[in-house]
Amino acid sequence: MFGCSEEPAIKGKDGKKQLIVGFSQIGAESSWRTAETESIRSEAKARNIELKFSDAQQKQENQIKALNAFIAQGVDAIILAPVVETGWEPVLRNAKKRNIPVILVDRGVKVSDESLYTTLVGTDFVLEGRLAAEWVVEKTGGKANIVELEGTPGSSAAIDRQKGFSEIIAKHPNLKVIQSQTGEFTRAKGKEVMEAFLKSSTNKIDLVFAHNDDMALGAIQAIEEAGQKPGEDIIIISIDGVKGAFEAMVAGKLNCTVECNPLLGPVAFDAVERAVAGETVEKRIMIEDKVFDQSVAKELIGGRKY
Ligand code: GZL
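Quick look at the structure, then. The structure presented is a predicted model; accordingly, all values stated were derived computationally and were not measured.

1. Some thoughts on the packing of helix α2 (residues 60-73) against helix α3 (residues 89-97)
Contact geometry of α2 with α3 gives a least axis separation of 10 Å together with a crossing angle of 10 degrees. With respect to α3, the element α2 is oriented roughly parallel. Across the interface between the two elements, Ile64, Leu67, Asn68 and Ile71 from α2 touch Val91, Asn94 and Ala95 from α3. Taken together, the residues of the contact of α2 with α3 break down into 5 nonpolar, 2 polar and no charged.

Dropping the structure here:
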């Protein structure tokens, strides 16, 4: 519209127009998630970037609403942690039409046209599942009844961790996943599902594989309340590497955690700034994972950043 007085662009310290970035976060379901949110919030502040934040309470429709609002506001870029893999094409096409780059963090999307997002910054979930299974083979000598606490149904984290874990377990006929159910990445639900596993299982449960530490911590509570010793009577391995997992390993209740680094803020905003400057950004920016078991927990816990 002619003659409308546009808001003067706020200049950053370096005289450049201050970037405005919309961040659609899944929620606050786990301590990993809150660490990721803090990393992105603090990095935006450090770079003098205005961050419009939306917490979707685990609902994809809330994320889609937030993205459409960011697009209508004409943000310079969007950061999206997609709760599930599918259902994103229409809103991503809307962003593309307005030339707004979309940087995915931590979880991926399934789209027919990869140009609908700029890059995915995150760890390799299939590898995390494989690393967990390889540790299980080593620890059990290839023989155990396993129960699996799955993450959010339809999320790339749950799908790919289960894929990686199953690939390795399939090579060992005496490693059997006897029950598997979603604990939705939360401590409360992880406890509830573990209680049900313990009540209903006709076979002895030797080991728990949890797709994240928060569900493992819930399972630990359930195992203790059932009168068994977590970490001894039932071996427990999970993924994320949060402080609570290190505390549980020091206490001898968790046996191993595969790190999935949530401190994605700096790498995510590097990608935002390159995309906004019109540079080509690689489609996948991988963050490295490490495996930590009880033998190193005590010496490392003091240095953990999340
Ligand atoms: C992994 C992330 C997962 C974590 C959970 O990148 O998507 O979601 O493993 C979190 O703790 O809830």
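2. So, the packing of aromatic side chains
Enumeration over the complete set of coordinates arrives at 3 aromatic pairs. Taking the centre distance of 3.9 Å and the plane angle of 5 degrees together, the rings of Phe165 and Phe209 count as stacked. Linking Phe165 in helix α5 (residues 156-169) with Phe209 in strand β8 (residues 207-210), this pair joins segments that are 44 residues apart in sequence. This pair shows no difference in class: Phe165 is buried, exactly as Phe209 is. Stacked on the ring of Phe53, the Lys or Arg Arg41 has its end atom at 4.1 Å from the ring centre.

3. What about the side chain of Lys191?
Within the element layout of this structure, Lys191 appears in helix α6 (residues 187-200). Residue Lys191 is classed as buried on the basis of its relative accessible area, which comes to 18%. In contact with Lys191, not counting residues within four places along its chain, are Gly218, Ala219, Gln221, Ala222 and Glu225.

4. A look at the site of the ligand
Residues in contact with the ligand, as listed here, are Glu29, Ser30, Trp32, Arg33, Asp106, Arg107, Phe125, Arg161, Phe185, Asn212, Asp240 and Cys260. Between the ligand and the protein, one listed contact pairs an oxygen atom with a side-chain N or O atom of Arg107 at 2.7 Å. The separation between an oxygen atom of the ligand and a polar side-chain atom of Arg161 is 2.7 Å. Protein burial of the ligand: of its 320 Å² of free accessible surface, 100% is covered by the chains. Residue composition of the shell around the ligand, grouped by class: 4 nonpolar, 2 polar and 6 charged. Inspection of the shell around the ligand shows a minimum of three residues originating in each of domain 1 (20-121 + 262-286) and domain 2 (125-260).

Rules used throughout
- Residues numbered from 1 in each chain as written.
- Predicted model: local features only at pLDDT ≥ 70, side-chain atom pairs only at ≥ 80, totals over all residues.
- Heavy atoms only, no water.
- Axes fitted to C-alpha atoms, helices over the stretch in contact; angles between N-to-C directions.
- Helix = DSSP H or I, 4+ residues; strand = E, 2+ residues; numbered from the N terminus.
- Parallel < 35°, antiparallel > 145°, perpendicular 65-115°, else oblique.
- Contact = heavy atoms within 4.5 Å.
- Nonpolar A, V, L, I, M, F, W, Y, C, P; charged D, E, K, R; others polar.
- Phe/Tyr/Trp six-rings, centres within 6.5 Å; stacked < 30°, edge-to-face > 60°.
- Buried < 20%, exposed > 50% of the residue type's maximum accessible area, 1.4 Å probe, protein only.
- Lys NZ or Arg CZ within 6 Å of the ring centre and 35° of its normal.
- Near = heavy atom within 4 Å.
- Polar contact = N/O pair within 3.5 Å; in protein donor to acceptor, adjacent residues only side chain to side chain.
- Areas by Shrake-Rupley, 256 points an atom, 1.4 Å probe, with all protein chains shown as cover.
- Domains from an automatic or database assignment.

Everything listed here is a matter of coordinates, which is why it stays silent on function.
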